[in-house]
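The residues making up each chain are set out below.
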Amino acid sequence: MTSSRSTKLAVIGSGLMGSALARAFAAAGHDVAVWNRTPGKARAVGGGTVAFENLVEAVTGRSLVVVSLSNYAAWSELVASQAVASALAGTTLVQLTSGSPADARGGLEWARAHGVDYLDAAILAYPAFVATDYATVYYAGSRAVFDRHQETLQAIARNSVYVDEKIGSAATLDCAILEAYYGGSLAVLHAAAMCQAEGLDPKAFFAQKNSFLGLISVTADAAQDMIARNDFTGQQCSLNTHVAAIEHIVRLSTDARISARFPRELLENYRRALGAGLGEQELPAVFRTLKQD
Ligand code: NAP
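Thresholds, definitions, all that
- Residues numbered from 1 in each chain as written.
- Predicted model: local features only at pLDDT ≥ 70, side-chain atom pairs only at ≥ 80, totals over all residues.
- Heavy atoms only, no water.
- Helix = DSSP H or I, 4+ residues; strand = E, 2+ residues; numbered from the N terminus.
- Contact = heavy atoms within 4.5 Å.
- Areas by Shrake-Rupley, 256 points an atom, 1.4 Å probe, with all protein chains shown as cover.
- Lys, Arg positive; Asp, Glu negative; His and termini not counted.
- Charge placed at Lys NZ, Arg CZ, Asp CG, Glu CD.
- Polar contact = N/O pair within 3.5 Å; in protein donor to acceptor, adjacent residues only side chain to side chain.
- UniProt positions renumbered as here; feature names shortened; annotations may be inferred.
- Salt bridge = Lys/Arg side-chain N within 4 Å of Asp/Glu carboxyl O.
- Buried < 20%, exposed > 50% of the residue type's maximum accessible area, 1.4 Å probe, protein only.
- Expected span 1.5 Å × (residues − 1).
- Arc of directions from axis to C-beta.
- Core = buried A, V, L, I, M, F, W, Y, C linked by side-chain atoms within 4.5 Å.

As annotated in an unreviewed UniProt entry, the protein carries the name Coenzyme F420-dependent NADP oxidoreductase and is attributed to Corallococcus coralloides.

1. Structural notes on the overall build of the protein
When helices and strands are counted, the protein shows 13 helices and eight strands. In terms of overall dimensions, the protein has a C-alpha envelope of 65 × 40 × 35 Å along the principal axes. Looking at the protein alone, contacts between residues at least 24 apart form 61% of all its contacts between residues at least 6 apart. Taken as a whole, the protein presents about 15,600 Å² of accessible surface, with 55% of it coming from carbon and sulfur. Averaging the positions of the 24 positive and the 27 negative side-chain charges in the protein gives two centres separated by 4 Å.

2. Describing the side chain of Thr-97
By the element assignment, Thr-97 lies in the loop between strand E5 (92-95) and helix H6 (101-113). A polar side-chain atom of Thr-97 sits 2.9 Å from the main-chain amide nitrogen of Leu-69. Each residue touching Thr-97, except ones within four places of it in the same chain, is listed here: Val-67, Ser-68, Leu-69, Ser-70, Asn-71, Tyr-72 and Ala-121.

3. Things to note about the UniProt feature "domain: 6-phosphogluconate dehydrogenase NADP-binding" (unreviewed entry) in the protein
What UniProt calls "domain: 6-phosphogluconate dehydrogenase NADP-binding" (unreviewed entry) maps, in this numbering, to residues 8-162. Between the end C-alpha atoms of residues 8-162 the distance is 22 Å, and the span holds 39% helix and 25% strand.

4. Section: the pattern of salt bridges
Taken as a whole and judged by the stated rule, the model has twelve salt bridges. Linking Lys-8 and Asp-31 is a salt bridge whose minimum nitrogen-to-oxygen distance equals 3.6 Å. In this pair, Lys-8 sits in strand E1 (residues 8-12) while Asp-31 sits in strand E2 (residues 31-35), placing the two residues 23 residues apart along the sequence. Take Lys-8: its relative accessible area is 39%, and that puts it in the partly exposed class. As a salt-bridge pair, Arg-62 and Asp-31 come within 3.0 Å of each other at their nearest N and O atoms. Taken together, the residues Arg-62 in the loop between helix H3 (55-59) and strand E4 (64-67) and Asp-31 in strand E2 connect sequence positions 31 residues apart. Overall, the relative accessible area of 9% leaves Arg-62 in the buried class.

5. Topic: helix H11 (residues 239-255)
For H11, built from 17 residues, the straight-helix expectation of 24 Å at 1.5 Å per residue is met to within 8% by its first-to-last C-alpha distance of 24 Å. Taken together, the buried positions of H11 are occupied by Leu-239, Val-243, Ile-246, Val-250 and Ser-253. The buried residues of H11 all sit within an arc of 75° when viewed along its axis, so they share a single face. Seen from the open side of H11, the exposed residues pointing more than 90 degrees away from its buried face are Arg-251 and Asp-255.

6. Overview of the nonpolar core
Within the largest apolar cluster, 32 residues are counted, with the highest numbers of intra-cluster contacts made by Phe-25, Val-94, Leu-96, Tyr-139 and Ile-156. Every element with two or more residues in this core is listed here: E1, helix H1 (16-27), E2, E4, strand E6 (117-124), strand E7 (136-141) and helix H7 (143-153). Top contributing element to this core by residue count: H1, with seven residues. When sequence neighbours within four positions are dropped, the list of residues in contact with Phe-25 reads Leu-9, Val-11, His-30, Val-32, Val-66, Thr-152, Leu-153, Ala-155 and Ile-156. Core analysis: the second largest hydrophobic core is formed by 25 residues, Ala-10, Leu-55, Val-65 and Val-116 among them.

What follows is the structure, encoded as structure tokens:
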């Protein structure tokens, strides 16, 4: 996809993600400077990008600076240099380094103090999917700043989602989606291990993918509605019954001598809801005890 306007931008960080982002901007026709702590990686980005060894030179004269580093601490180290901070004044910084909402708030505070427009962003994609329909980037911060750069930013993901003015909102949504991803993935892997330990080919479990993903989807819809109404009563399946099912999972894991840590943790969370007197309510009632935590 070639953009109608060419933007002079810099991508800071030439790791797996930063390199993919830089190449996607260059492929869309933008003038892309790249910088990396280890200079050889910046030189290896290619794709029409220009590698700089000096960070001040890399960002000078660029209207947009996109950052993709391991963590916010790495970025704080770089901008501790007064020369770098001065060179960034007047630019728009898009922070694509993953972090927490508190990291994002710290980033905005720094940016305001240094005359930098700031968007905090989170990318939901592996580098191979950058610039495709399978990449989504969430943005938080000033709507006006987002609107000003949206066309350029479209180069890295077909789905650019503006979340909210609240600067921590993209990081919050990212953490929420990633928790569902990592927690769900661990559940899937533990389930496959249970099957194997009991002599059932894990393929039999994976063949039921649509069933268990469908159940999660139905539960997410029900939970959304119940949380909005703050009413977790229903006629489908009580938490008491769900807890009995989780006890079977713990027993299978223990008998088959595989790790029971994950199902025990599940059981503890669900049992806490019983302890709170919610046993006759539906599964999403667990949400109430999480809030109390
Ligand atoms: P990576 O390949 O390990 O790259 C890390 C980058 O951070 C490198 O450029 C590294 O420089 C730089 N860095 C680390 N510490 C530094 C420091 N103290 N000072 C300066 N530079 C420093 O990681 P990645 O996969 O590209 O991830 C980058 C960001 O994208 C992370 O926040 C990650 O969570 C996010 N992300 C990644 C993916 C993915 O699938 N890879 C998906 C979504 C989000 P050197 O080369 O010099 O070490």
